[in-house]
Amino acid sequence: MSSFESDFYELRDHHGFVNTASGHNLPNKGIGMVKFHVQYKGVSHLITLNNVIYNPGIKGRYLSASAMNSSHLSWLIRNDTILVVTEDYHTTPCMEFVLFEASRIINLYWI
């Protein structure tokens, strides 16, 4: 989910709402594909996520398990660290299939 329209490579209409913890309903403005580059252990990866919601009211970027799943990515959580991996990692667990990691700060994971 992103509040930045410029993040989207493709964007189409999508209506719905994001319900916040404070009880607000923020209207979605679209859904589409985002692409971004990450660097992990000196190797650059282009990440493509499908079905990402565009909602200008959320103020930031958030990764969801469903968007990652529809893009054939997984995450492994261990010792307050998330590894985001390709589907190849599950048959051959080696570091070349790790795309990036995120560290836990309080109760959120930050890239």
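Right above here is the structure, for reference.
These lines cover the structure that appears in this document, whether it is placed above or below.

What counts, and where the lines are drawn
Residues numbered from 1 in each chain as written. Predicted model: local features only at pLDDT ≥ 70, side-chain atom pairs only at ≥ 80, totals over all residues. Heavy atoms only, no water. Phe/Tyr/Trp six-rings, centres within 6.5 Å; stacked < 30°, edge-to-face > 60°. Lys NZ or Arg CZ within 6 Å of the ring centre and 35° of its normal. Helix = DSSP H or I, 4+ residues; strand = E, 2+ residues; numbered from the N terminus. Buried < 20%, exposed > 50% of the residue type's maximum accessible area, 1.4 Å probe, protein only. Contact = heavy atoms within 4.5 Å. Pairing = 2+ DSSP bridges. Axes fitted to C-alpha atoms, helices over the stretch in contact; angles between N-to-C directions.

On to the packing of aromatic side chains. In total, this model carries one aromatic pair according to the counting rule given. The side chain of K35 reaches across the aromatic face of Y9, ending 4.0 Å from its centre.

In this structure, F97 sits in the loop between β7 (81-86) and β8 (98-105). When its relative accessible area of 17% is taken as the criterion, F97 is described as buried. Separated by 49 residues in the primary sequence, F97 and T48 have C-alpha atoms spaced 15 Å apart. For F97, the contacting residues outside a window of four places in its chain are V84, V85, T86, D88, Y89 and T92.

Another point: the sheet that holds strand β5 (residues 43-54). Ordered by their spatial adjacency, three strands build an open sheet running β1-β4-β5, and the pairing between neighbours is antiparallel. Each edge of the open sheet carries a strand with a single partner, namely β1 (8-12) and β5. Pairwise comparison of adjacent strand axes, ignoring direction, gives a mean angle of 15 degrees for this sheet.

The next thing to look at is unusual backbone geometry. Positive phi, close to 60 degrees, is recorded for N51, a residue that is not glycine. Secondary-structure assignment places N51 in strand β5. For N79, which is not glycine, the phi torsion reads 55 degrees and is therefore positive. Considering the arrangement of structural elements, one finds N79 in the loop between β6 (73-78) and β7.

Moving on: the pairing of β6. Sheet topology note: the β6/β7 ladder contains six bridges and is antiparallel. Of the residues in β7, the one forming a bridge with S74 is V85. Turn length for the β6-β7 hairpin, with the two strands adjacent in sequence and antiparallel, is two residues, and the turn residue N79 shows positive phi of about 55 degrees.

Once that is clear, we can look at the pairing of β7. Counting buried residues along β7, five of its six residues qualify, which places the element largely inside the surrounding structure. Judged from the five bridges that link them, β7 and β8 form a sheet pairing that is antiparallel. Residue pairing in the sheet places V85 in a bridge with V98 of β8.

Bringing the environment of L26 into the picture now. For L26, the position within the fold is in strand β3 (residues 25-27). Placed 32 residues apart in sequence, L26 and I58 show a C-alpha to C-alpha distance of 7.4 Å. With sequence-adjacent residues up to four places away left out, L26 is seen in contact with G16, F17, V18, T20, N55, G57 and I58.

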